[in-house]
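# Notes for the structure review
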Amino acid sequence: MDKLKNIFATKGAAQKAEVKEFLKTYSDKVIDDVTISQTVGGMRDIISMLYETSLLDAHEGIRFRGYSIPELIEKLPKAQGGTQPLAEGIFWLMLTGDIPTQEDVNEFSKDLARRSNVPQHVFETIESLPKDTHPMTQFSLAVLAAQTESIFAKKYADGLSKDLYWDPMYEDALNLIARIPKIAAYIYRRTYKNGDHLPGDSSLDWSANFAKMLGYESDIFYEMMRLYMTIHADHEGGNASAHATHLAGSTLSDAYLSFSSGLNALAGPLHGLANQEVVRWITEMNKNIGNENPSKEQIRDYINATLAAGKVVPGYGHAVLRIPDPRFTAQQEFAKKYMADSPIVNTVWRIFEVAPEILSSTGKIKNPFPNVDAHSGSLLVTLGFNEANFYTVLFGVSRALGVMAALCWSRMLGLPLERPKSVTFEWLKKQVEQS
Ligand code: CMX
């Protein structure tokens with residue numbers, strides 16, 4: 001058994017026993033109340049899911065297994081001569097709770113390269129779609145097409161003991177993570193580069209190899225991709241893409257079926273599609289104003305016009321966070337170092353100077369600060385990656401790391417079918433009458 005799987009098997013078995021014991025003693029302890037506004041208003045903050053890989057605090061931001069983003073950037077292994085964390089490391093950390101060594105991530109990188117073969121019918125499925133199909137739709141369908149490779153589905157059909165569910169799920173999770181960069185790069189080259197596909201380089205790490213297959217080979221792009229893949233990987237379990245993956249997975253759908261569900265949730269403009277929308281919004285603003293360096297005053301007017309038209313300002317607000325997103329800040333730090341002169345990056349920073357005050361003044365937006373999507377597109381545009389409709393696919397490739405690690409844990413712990421309670425408006429009104 002490989003080292004990562006071995007650690008997961010050992011830690012997982014111990015935690016499974018601990019959870020079982022914990023439940024025996026404390027299963028009736030109340031940890032949350034639910035208000036009518038939470039029930040009607042998108043289940044905000046209701047504590048209703050066990051999810052090991054990361055935890056979000058409204059006033060501090062995300063921690064992966066206890067580590068903040070600046071700590072991860074410092075502590076996770078890097079590429080030779082690089083300063084950004086390798087995405088292999090964040091997966092290792094999420095799955096095991098341990099910061100891996102350099103040798104661990106190098107070995108894991110090789111393991112992923114060995115698993116990266118994509119069956120031909122997946123590419124044929126993509127080719128069967130109209131070229132202008134949104135890249136996220138192509139991606140989700142291609143992941144479904146790859147489901148023919150699910151080891152879990154085959155083993156389950158053959159009859160698999162519950163205690164062993166985690167093992168084929170682990171294999172599927174790693175295979176899926178290994179294969180999706182090739183799938184995503186294929187969609188990019190097909191959609192935007194006349195089907196001129198590029199080979200990867202298995203000696204590169206997972207993120208850099210993905211960048212290379214997309215057609216971006218500079219050191220700075222590789223570093224940006226490593227950071228991007230690390231910080232987008234997970235945001236605890238309640239966000240729509242993680243939750244959709246978790247929900248589908250709770251029915252014992254395999255990794256491919258579950259991840260496709262997650263991608264479909266990520267593809268919405270209130271979630272992952274916001275990165276595309278941010279660049280579109282800035283481009284339209286610049287076109288309206290007639291230059292690519294809008295002043296604060298011009299940005300202010302454009303935000304007000306957006307709000308007056310009843311639209312959202314993309315890249316701002318969050319369902320949980322009440323501070324500027326540390327994932328925004330990490331990208332800002334990267335941009336300060338490598339691209340401080342970029343017009344679009346400077347526009348993003350100028351928007352940050354004026355938007356919070358305007359959004360706060362509406363009196364209804366709970367978080368007037370930028371989220372992860374406010375910055376990511378500007379890094380890509382600066383590095384010549386202009387196809388905004390593809391940006392959410394990049395988010396999706398990264399998100400696979402978190403949701404796959406979480407799915408492994410769900411199968412390890414034997415978490416059951418997810419089935420929360422819904423009620424009718426009639427039922428809610430009765431609660432009020434009776435109180
Ligand atoms: N621009 C304009 N209005 C906004 C807003 C924004 N950026 N953020 C919130 N609002 C509005 C909401 O639409 C809501 O309006 P109504 O009461 O008229 O329905 C009101 O403010 C209250 O919303 P909230 O409680 O502050 O925010 P929610 O938890 O309901 O929604 C989110 C969170 C992210 C969907 C919302 O802030 C938004 O739409 N932001 C823009 C889209 C975006 O950037 N999404 C990406 C989030 C990060 C990610 O998942 O990738």
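Everything below is about the structure shown above.
Below is a short write-up of the structure. Predicted model only: the values in this text are computed from it and were never measured.

Helix and strand counts for the protein chain stand at 20 helices and 3 strands. Relative to the 2.2 N^0.38 estimate, which gives 22 Å for 435 residues, the radius of gyration of the protein chain is 22 Å and therefore close to what a compact globule would have. In terms of overall dimensions, the protein chain has C-alpha extents of about 65 × 65 × 45 Å along its principal axes. Per-residue burial over the protein chain gives 51% buried out of 435 residues. Sequence separation of at least 24 residues holds for 75% of the intrachain contacts in the protein chain that already meet a minimum separation of 6. Here the protein chain displays about 19700 Å² of accessible surface, and carbon together with sulfur accounts for 53% of that area. Counting 44 positive and 51 negative side-chain charges, the protein chain places the centres of these two groups 3 Å from one another.

Moving on, we come to a nonpolar patch on the surface. A cluster of nonpolar residues, Ile 36, Val 40 and Val 432, forms a patch on the protein surface that exposes about 270 Å² of accessible area. One can find Val 432 in helix H20 (residues 425-434).

Right, let's talk about the layout of surface pockets for a bit. Estimates place the volume of the second largest pocket at around 500 Å³. Taken together, Val 19, Phe 22, Leu 23, Tyr 26, Ser 27, Lys 29, Ile 31, Ile 47, Ser 48, Met 49, Leu 50 and Leu 415 make up the lining of the second largest pocket. Grouping the amino acids of the lining of the second largest pocket by side-chain chemistry returns 9 nonpolar, 2 polar and 1 charged.

In this section: the site of the ligand. Neighbouring the ligand are 21 residues; His 271, Gly 315, Lys 364, Lys 366 and Asp 373 lie closest to it. Take Leu 270: an N or O atom from its main chain is 2.9 Å from a nitrogen atom of the ligand. A distance of 2.7 Å separates an oxygen atom of the ligand from a polar side-chain atom of Lys 364. Alone, the ligand offers 900 Å² of accessible surface; in the complex the protein occludes 76% of this. Each residue belonging to the shell around the ligand can be placed in one class, and the counts come to 11 nonpolar, 5 polar and 5 charged.

What follows is about the nonpolar core. Ranked by size, the top nonpolar core spans 117 residues in total, and within it Phe 91, Phe 139, Leu 214, Phe 259, Phe 385, Leu 394 and Met 404 carry the most contacts. If one sorts the elements of this core by residue count, helix H19 (residues 391-413) sits on top with 16 residues. Apart from residues no more than four positions distant in its own chain, Met 404 is found in contact with Phe 91, Ala 173, Leu 176, Ile 177, Thr 245, Ala 255 and Phe 259.

Here the focus is the pairing of strand E2 (residues 61-64). Along any regular strand the residues' side chains alternate between the sheet's two faces. In this structure, strand E1 (residues 54-57) lies alongside E2, joined through 4 bridges in antiparallel fashion. Across the sheet, residue Leu 56 finds its bridge partner in E2, namely Ile 62. Where E1 folds back onto E2 in an antiparallel hairpin, the turn is made up of 3 residues. In this sheet, strand E3 (residues 67-68) lies alongside E2 in antiparallel orientation, the contact comprising 2 bridges. Of the residues in E3, the one forming a bridge with Arg 63 is Ser 68. Hairpin connection between E2 and E3: a loop of 2 residues separates the two successive antiparallel strands, and Arg 65 in this loop has a positive phi of roughly 50 degrees.

Once that is clear, we can look at the packing of helix H7 (residues 135-145) against helix H13 (residues 255-266). Packing of H7 against H13 leaves a shortest axis separation of 8 Å and a crossing angle of 170 degrees. Here H7 is positioned roughly antiparallel relative to H13, judged by the angle of their axes. Together, Met 136, Phe 139, Ser 140, Val 143 and Leu 144 of H7 and Tyr 256, Leu 257, Phe 259, Ser 260, Leu 263, Asn 264 and Leu 266 of H13 make up the contact between the two elements. For the contact of H7 with H13, a count of residues per class yields 9 nonpolar, 3 polar and no charged.

Once that is clear, we can look at helix H10 (residues 206-214). Counting buried positions along H10 yields 9 of 9 residues, so the element is predominantly enclosed. Here H10 has its buried residues at Trp 206, Ser 207, Ala 208, Asn 209, Phe 210, Ala 211, Lys 212, Met 213 and Leu 214. In this fold, the buried residues of H10 make contact with helix H4 (87-96), helix H5 (102-114), helix H9 (166-192), helix H11 (219-231) and H19. Just beyond H10, the residue with positive phi is Gly 215, at close to 115 degrees.

On to helix H1 (residues 3-26), then. Given 3.6 residues to a turn, an α-helix orients residues that are three or four positions apart in the same direction. Between its first and last C-alpha atoms H1 spans 34 Å; for 24 residues at 1.5 Å apiece the expected length is 34 Å, and the two agree. Considered for burial, the residues of H1 that qualify are Leu 4, Lys 5, Ile 7, Phe 8, Ala 9, Gly 12 and Gln 15. Contacts from the buried residues of H1 go to H4, H5, H9 and H19. Taking the backbone nitrogen of Leu 4 as reference, a side-chain oxygen 3.2 Å away marks Asp 2 as the first, capping residue of H1.

Empty space left among the atoms is revealed by rolling a probe the size of a water molecule over them. Evaluation of the coordinates by the stated rule reveals 4 cavities of 30 Å³ or more. Reported here for the largest cavity is a volume of approximately 60 Å³. Lining of the largest cavity is provided by Val 278, Trp 281, Ile 282, Val 313, Pro 314, Tyr 316, Val 348, Ile 351 and Ala 374. When contributions to the lining of the largest cavity are tallied by element, the ones reaching two or more residues are helix H14 (274-289) and helix H17 (343-361). A total of 3 residues in the lining of the largest cavity trace back to one element, the largest contributor, which is H14.

A positive phi angle, near 60 degrees, is found at Met 43, a position not held by glycine. Following the sequence through the fold, Met 43 ends up in the loop between helix H2 (36-40) and E1. At Asp 45, a residue that is not glycine, the phi angle is positive and equals roughly 65 degrees. The topology assignment puts Asp 45 in the loop between H2 and E1. With relative accessibility at 58%, the residue Asp 45 sits in the exposed group.

About the cut-offs
Residues numbered from 1 in each chain as written. Predicted model: local features only at pLDDT ≥ 70, side-chain atom pairs only at ≥ 80, totals over all residues. Heavy atoms only, no water. Helix = DSSP H or I, 4+ residues; strand = E, 2+ residues; numbered from the N terminus. Rg over C-alpha atoms; globule rule 2.2 N^0.38 Å. Buried < 20%, exposed > 50% of the residue type's maximum accessible area, 1.4 Å probe, protein only. Contact = heavy atoms within 4.5 Å. Areas by Shrake-Rupley, 256 points an atom, 1.4 Å probe, with all protein chains shown as cover. Lys, Arg positive; Asp, Glu negative; His and termini not counted. Charge placed at Lys NZ, Arg CZ, Asp CG, Glu CD. Patch = residues over 30% accessible without salt bridge, like charges linked within 9 Å, V, L, I, M, F, W, Y side chains within 5 Å. Salt bridge = Lys/Arg side-chain N within 4 Å of Asp/Glu carboxyl O. 1 Å grid on protein atoms, 1.4 Å probe; cavity = no way out; pocket = protein on both sides within 12 Å on 5 of 7 lines; lining within 4 Å. Points joined across faces, edges and corners; volume = space filled by probe spheres on them. Nonpolar A, V, L, I, M, F, W, Y, C, P; charged D, E, K, R; others polar. Near = heavy atom within 4 Å. Polar contact = N/O pair within 3.5 Å; in protein donor to acceptor, adjacent residues only side chain to side chain. Core = buried A, V, L, I, M, F, W, Y, C linked by side-chain atoms within 4.5 Å. Pairing = 2+ DSSP bridges. Axes fitted to C-alpha atoms, helices over the stretch in contact; angles between N-to-C directions. Parallel < 35°, antiparallel > 145°, perpendicular 65-115°, else oblique. Expected span 1.5 Å × (residues − 1).

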